[in-house]
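Notes for the structure review
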Amino acid sequence: MSAPWLTVLSCLPIALFSETLRVQTAMVESVMTQILVAPGLTGCVKDLRQLWDIDVSELLGDFGVRRSLQVISMRHGSSFALANRGVLEVMGMVRSGRQQTSSPFNQGTQHARPTTLHITFVAPRPFSADLQKKSSQNKCASQIVTAAEIILASSIGVLMGLKHIYVGSILMACIVLNTLVLLLFRLLLKPVFANEQAMARDAQVGCSGGAALDVHLIAPTWNSSQINVICGYSSQVHSLTNLPILITSSSLVKWCCRALALNLIIQAAALTSQVNSHSIQVWGSIIWMLFYLIMLAPSCIMKRLYSGTILEDNSYFIRKLPPLQFSRRRSALAFLAMLPVNWSTYRWDWMDPFLPPNKRRQTWIQEMEKCPLIGTHTDTPPISPSTLRHRAKQSKPS
């Protein structure tokens, strides 16, 4: 192969070296579940600093993100910063990035603000022998794929060493070490949820026995047109959004993250050493890049199939609805007001960030309370679903 082609190929892995993806996601997935397969890792300087001086409490949370998300509890009318952001983003329960959602209501509504709600329902997962068996099979498949990746990467590294492509051997060793570190996360670390006794009690008694329902609204700012909504028992919802999830061994997390940081530094140095190189060592970085891309395939497949089951090992049953688009912001707020909630405070306190308690809001509340699905007793427990259906039938014109 001619030298110009070697020069071009030597620069290809730089795009992977400079990206800042999958580091926190891979660690969060490895801590939360044994079902998914870890991808290949790369990182930039920001990741290395964050890994070396990691705060274990931030691993499943913001992980160095400066701008936190805000949460409103409709049941309590309180607002607080989102905890466990990393877990919720991996689950797809929180979408914090910019999203351009096409809406059919844009035409002819110049002054309206379309609003999209991303709704997730959380419920206790009942014990099932079939689900337990299926989960064990998925874990076994994940471990087989991980073992195959380690064996294949080690074999390729040995072969390149025999061919005197030593940079390639170093890069394949980095892949093996990254995979082993994430495997340690998966096998030795477990998440510890708060409210475990309250969650077990609510799962046993249900709504009829007094388990409180709550709805949490999540957004970067309350002027956002994208609002994430989590509905479920108050104990479960608060354990995801308000109370940080702990990890069993914080010392193991720190040392593994430092080993991962050193490994990423060696990997980056080996990649950059081959930029604009014309020697046979260039093939090491090319083979590393191909193997890196191949490792993304099983990771993406397993995540697409089983990402919704990440919390099922911890008695969470998650179901996400397709995004609901509303032509106006007030329509979205009216829909939220109809969700079932056991109010522990004045019913409309959660509206403060959206609409201050002024005359305009009083007019809106009066209009809302005329709706049969809302009712006039705003500080009483929520109406049962059967009563809602009965009132809806009565309100239809005969």
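For the structure itself, look to the data block above.
What counts as what
Residues numbered from 1 in each chain as written. Predicted model: local features only at pLDDT ≥ 70, side-chain atom pairs only at ≥ 80, totals over all residues. Heavy atoms only, no water. Patch = residues over 30% accessible without salt bridge, like charges linked within 9 Å, V, L, I, M, F, W, Y side chains within 5 Å. Areas by Shrake-Rupley, 256 points an atom, 1.4 Å probe, with all protein chains shown as cover. Salt bridge = Lys/Arg side-chain N within 4 Å of Asp/Glu carboxyl O. Helix = DSSP H or I, 4+ residues; strand = E, 2+ residues; numbered from the N terminus. Core = buried A, V, L, I, M, F, W, Y, C linked by side-chain atoms within 4.5 Å. Buried < 20%, exposed > 50% of the residue type's maximum accessible area, 1.4 Å probe, protein only. Axes fitted to C-alpha atoms, helices over the stretch in contact; angles between N-to-C directions. Contact = heavy atoms within 4.5 Å.

1. Re a nonpolar patch on the surface
A grouping of Trp52, Leu262 and Ile265 is seen on the molecular surface, where their side chains present a nonpolar patch of about 280 Å² in accessible area. Residue placement: isoleucine 265 occurs in helix α11 (residues 250–272).

2. What about the nonpolar core?
By size, the foremost hydrophobic cluster in this structure holds 47 residues, and its most contacted members are Met27, Leu51, Leu59, Phe185 and Leu311. Only α3 (23–32), α4 (45–52), α5 (56–59), α6 (85–91), α8 (166–188), α10 (234–241), α11 and β8 (316–320) provide two or more residues apiece to this core. Membership of the second largest hydrophobic core comes to 28 residues, among which are Ile227, Ala334, Leu339 and Met351.

3. Observations concerning the packing of α3 against α8
Think of two packed helices as two axes; the pair is described by the angle between the axes and how far apart they sit. Between α3 and α8, the least distance of the axes is 6 Å, while the angle of their chain directions is 35 degrees. On α8, the residues that touch Ala26, Met27, Ser30 and Val31 of α3 are Leu182, Phe185 and Arg186.

4. Things to note about α3
When you tally the buried positions in α3, you get nine out of 10 residues, the bulk of the element. Within α3, burial applies to Val23, Gln24, Ala26, Met27, Val28, Glu29, Ser30, Val31 and Met32.

5. Things to note about unusual backbone geometry
Glycine aside, residues mostly have negative phi angles, and peptide bonds mostly take the trans form. Backbone geometry places asparagine 84, a non-glycine residue, at a positive phi of 60 degrees. Tracing the chain through its elements places asparagine 84 in the loop between β2 (78–81) and α6. Phi is positive for asparagine 195, close to 60 degrees, though the residue is something other than glycine. Along the polypeptide, asparagine 195 turns up in the loop between β4 (191–192) and α9 (196–205). On the accessibility criterion, asparagine 195 (30% relative accessible area) is partly exposed.

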